Amino acid sequence: MSKKGKGISLRKLGLTSIWSRHGTCNIIVLGSEDVGKTALIVRFLTKKYLPEYDHCTSRCYERNVNVNDKVLPVRITDTSGKESFTSLKSKGLLEGADGFVVVYSITDKRSFLKAREVIKLLNEDLGQGGQTPVALIGNKEDLSHYRAVCAKEGQRIALLYPRCSFHECSAAREAENVELAFEELLCQVLISKERRRRLSAFSVLTPKIQNPRRNSAGNSTLSNWWRKNRPNPEHEVRQDRTFTM
């Protein structure tokens, strides 16, 4: 971001040295039709705004994005909004995602309800402990006089997902808030990638410990000895009764 004090500093998060380790960041953009998904992507990648798009199918944008003086390869998949979450998942279009952007229009209540459903499905699909970051964006803030969804509603929905951020912005009016939303998501993606890399390295270095109850021959022998030689309470009772009689 050009202005100081805006956005998240990757230097503060200790991420300045890990950009080259994780490859391309794959981002999937979801939401209803006509909420401005493509406009947000183009605004973020080019700083430009195009009012009309011929967008009938999913498209993919690949760019090297400058974030805090670092170059990050990013692939953003822009879904059409016509297909359901289940359909996208069954076609494998959601596989390999490092992060999700869920978009609705603040002037369209139905688009908000769909975004809420998508957040719920992501939560169920990825689990409560899911490490895939999500950004919920309320677009068309420049049309706030036609607002049908208040900001607090969006904030409440974001709380349903453990790694979800919330932003309101306008692809038509400015690039600053759009950049903030995407850059915050990319920061979370890098944190998630680094965490997975460390866990993977740790699992490789850590030797697997066998369960002594199942896979130890010595323990099996000891167990057999114990079953063979331990006292039988019923036998002792019979001996006692025989003796007393």
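The coordinates are above.
Counting from 1, residues in each chain are numbered in the order their sequence is written. Selection of residues for local features in this predicted model requires a pLDDT of at least 70, selection of side-chain atom pairs for listing and counting requires 80 or more, and totals for whole chains, interfaces and linings are taken over all residues. Excluding hydrogens and water, the side-chain figures rest on all heavy atoms present in the structure.

## Observations regarding the overall build of the protein chain
For step 1, the next point in the chain: Summing up its helical and strand segments, the protein chain has eight helices and six strands in all.
For step 2, the next point in the chain: Strands are runs of DSSP state E lasting at least 2 residues, helices are runs of H or I lasting at least 4, and numbering of each runs from the N terminus. When its helices and strands are written in sequence order, the protein chain yields β-α-β-β-α-β-α-β-α-β-α-α-α-α.
For step 3, the next point in the chain: The proportion of buried residues among the 245 residues of the protein chain is 39%.
For step 4, the next point in the chain: What makes two residues a contact is simply this: any of their non-hydrogen atoms within 4.5 Å. In the protein chain, once contacts between residues fewer than 6 apart in sequence are set aside, the share between residues at least 24 apart is 75%.
For step 5, the next point in the chain: Using a 1.4 Å probe, accessible areas were evaluated by the Shrake-Rupley method; residue-level cover was limited to the displayed protein chains. With an accessible surface of roughly 15,000 Å², the protein chain has 50% of that area assigned to carbon and sulfur atoms. Burial status follows relative accessibility: with a 1.4 Å probe on protein chains alone, a residue under 20% of its type maximum counts as buried, one over 50% as exposed, and anything between as partly exposed.

## Concerning the pairing of strand E6 (residues 164–168)
For step 1, the next point in the chain: The buried count for E6 comes to five of five residues, which makes it a mostly enclosed element.
For step 2, the next point in the chain: In short, DSSP must find at least two bridges between two strands for them to pair. Strand direction decides the pairing type here: strand E5 (residues 134–139) and E6, joined by five bridges, are parallel. For Leu136, the partnering residue across the bridge sits in E6 and is Phe166.
For step 3, the next point in the chain: In this fold, the crossover linking E5 to E6 by way of helix H4 (residues 151–158) has right-handed handedness. When the strands point away from the viewer, a crossover counts as right-handed if the path from the first strand over the helix to the second runs clockwise.

## A few points about the environment of Leu190
For step 1, the next point in the chain: When you line up the elements, Leu190 lands in helix H5 (residues 176–205).
For step 2, the next point in the chain: Taking the C-alpha atoms as reference, Leu190 lies 9.9 Å from Leu72; in sequence the two are 118 residues apart.

## With respect to unusual backbone geometry
For step 1, the next point in the chain: The phi dihedral of Lys47 is positive, around 70°, even though this residue is not glycine.
For step 2, the next point in the chain: Accessibility expressed as a relative area gives 46% for Lys47, which makes it partly exposed.
For step 3, the next point in the chain: In this structure, Lys140 takes a positive phi of about 70° despite not being glycine.
For step 4, the next point in the chain: Of note, Lys140 is situated in the loop between E5 and H4.
For step 5, the next point in the chain: For Lys140, a relative accessible area of 25% gives the class partly exposed.

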